[in-house]
Amino acid sequence: MILPLTAFGQKSAGREVKQLQSPQNPALGIVIHGGAGVITRGTLTPEQEKEYRVVLEQAVLAGYKVLQAGGTSLDAVEAAVRIMEDSPLFNAGKGAVFTSEGTNELDASIMDGKTLKAGAVATLKHIKNPISLARLVMQKSPHVMMIGEGAEKFARENGVETVPQSYFFTQRRFDALKRIQEEEKKKAEAEKAGKKVSLVESKKDENRHGTVGAVAVDKFGNLAAATSTGGMTNKKFGRVGDAPIIGAGTYANNNSCAVSATGWGEYFIRLGVARDISAIMEYQAMPIQQAVDAVIQRKLPALGKMDNEDADGGVIAIDKFGNIGISFNSEGMYRAYIDMNGKPVVQIYKD
């Protein structure tokens, strides 16, 4: 059972804390993202931009139709994420990036804000829709996370669709792997000769980001969050990022909000970004947009500076009233939501 939200409508530090969120009508809501990064006008051709906008609209409408039909927020976020997993445009499912070994390893997680139950999977190689397997882990096992061969065995036992590794192949992602590996080879050779060479390809946002996610609130006032990713291009040693880590890349709590993140996973893990946003709302009664900005615009960059790195990325969030928060410190983020009139709004750039 979830404890009551003490900060809302309660006295704190000798003062009355007002409920800052204001209900919307209708309360149904869904927000999705398809990754953050250096996405400025001119980066995409008109044809590419149209492709992204079409899939983002399809995904957000799929989730919203579930909500309109009386479905749960869990059903809605799973439906939306599956569409993005099936698209080669995003770094999840079909469009996943390649590891250093030339394979694809997928991670995903989902969380129920009503019960705080969660399911996560990591380093999958043959699961067509990792988000659906993450939900099965949550609902049909006593565990929160399963990885690798064990997770895939669990998937087969539960009739989850599997695919050969070749299903995930896209030329664009494979070419990115080869460029990075060639760059690393040249760097090693240069360092042997006493020269300093900085890596460029491996730090490009398109090779580090592209995670997809969704957050939603249903007619019952219940929240849910879901996130799915292929990780980083050329990742090594079974690396796992923030997407399947509950509290880092995914979090949902009816007492606060539902959050899905995208960005440089190691920093999101170190900060516990998704849980931190929830905690700020719960303990400080901060409105949702202010809460996401506090973490993404201030805390995240500050941690990156400690390492002399740009800790970039973004989040989407929603509360039980349907208020949404979107924040990113990169040049752009693929995102979409349903507005007050029930219409899809698709955005890519910062402005």
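See the structure printed just above.
Conventions we followed
Residues numbered from 1 in each chain as written. Predicted model: local features only at pLDDT ≥ 70, side-chain atom pairs only at ≥ 80, totals over all residues. Heavy atoms only, no water. Axes fitted to C-alpha atoms, helices over the stretch in contact; angles between N-to-C directions. Helix = DSSP H or I, 4+ residues; strand = E, 2+ residues; numbered from the N terminus. Parallel < 35°, antiparallel > 145°, perpendicular 65-115°, else oblique. Contact = heavy atoms within 4.5 Å. Nonpolar A, V, L, I, M, F, W, Y, C, P; charged D, E, K, R; others polar. Expected span 1.5 Å × (residues − 1). Buried < 20%, exposed > 50% of the residue type's maximum accessible area, 1.4 Å probe, protein only. Pairing = 2+ DSSP bridges. Phe/Tyr/Trp six-rings, centres within 6.5 Å; stacked < 30°, edge-to-face > 60°. Lys NZ or Arg CZ within 6 Å of the ring centre and 35° of its normal.

J.: What is the right way to look at the packing of helix α2 (residues 73-85) against helix α3 (residues 130-140) in this model?
T.: When two helices pack together, you describe them by how their axes are tilted relative to each other and by the distance separating the axes. At a minimum axis distance of 8 Å, the contact between α2 and α3 shows a crossing angle of 150°. In terms of orientation, α2 lies roughly antiparallel with respect to α3. Where α2 abuts α3, its residues L74, D75, E78, V81, R82 and E85 lie against P130, I131, S132, R135, M138 and Q139. Among the residues forming the contact of α2 with α3, the class breakdown is 5 nonpolar, 2 polar and 5 charged.

J.: Explain helix α1 (residues 46-68) here, please?
T.: Two residues of an α-helix separated by three or four positions point the same way, owing to the 3.6 residues in each turn. Taking 1.5 Å per residue, 23 residues should reach 33 Å; α1 reaches 32 Å between its end C-alpha atoms and fits that length. Buried residues of α1: Y52, V55, L56, A59, V60, G63, Y64 and L67, and no others. Against the buried residues of α1 lie β3 (29-37), α2, α5 (171-192), β7 (212-217), β13 (332-338) and β14 (344-349). Just past α1, the residue G70 takes up positive phi, approximately 90°.

J.: Please explain the sheet that holds strand β11 (residues 313-318) as it appears in this structure.
T.: In sheet architecture, strand pairing relies on hydrogen bonds along the backbone and comes in two forms, parallel and antiparallel. On the basis of which strands lie adjacent, the open sheet formed by 4 strands has the order β9-β10-β11-β12 and antiparallel pairing. The two strands at the open ends of the sheet, each matched to only one other strand, are β9 (250-252) and β12 (324-328). Across the sheet, the mean angle separating the axes of adjacent strands is 10° when strand polarity is ignored. Pairing between β11 and β12: 5 bridges, direction antiparallel. Residue pairing across strands places I316 opposite I326, the latter belonging to β12. Sheet strands in contact with helix α8 (residues 273-284) are β9, β10 (258-263) and β11, and its direction is about 25° off that of β9. Seen against the sheet, helix α9 (residues 288-306) touches β11 and β12 and runs at an angle of roughly 15° to β12.

J.: What is the right way to look at the packing of aromatic side chains in this model?
T.: Each pair of aromatic rings is reported with the distance of its centres and the angle of its planes. If you walk through the whole model with that rule in mind, you get 8 aromatic pairs. With centroids separated by 5.5 Å and ring planes inclined at 45°, the aromatic side chains of F169 and F174 adopt a geometry described as tilted. A relative accessible area of 38% places F169 in the partly exposed class. F174 gets classed as partly exposed once you look at its relative accessible area, which sits at 24%. Feature note: the residues Y52, F90 and Y334 constitute an aromatic cluster, connected by ring pairs. Directly above the aromatic system of Y167 lies the positively charged group of K94, at a separation of 4.8 Å from the ring centroid.

Just geometry here; none of it tells us what the structure is for.
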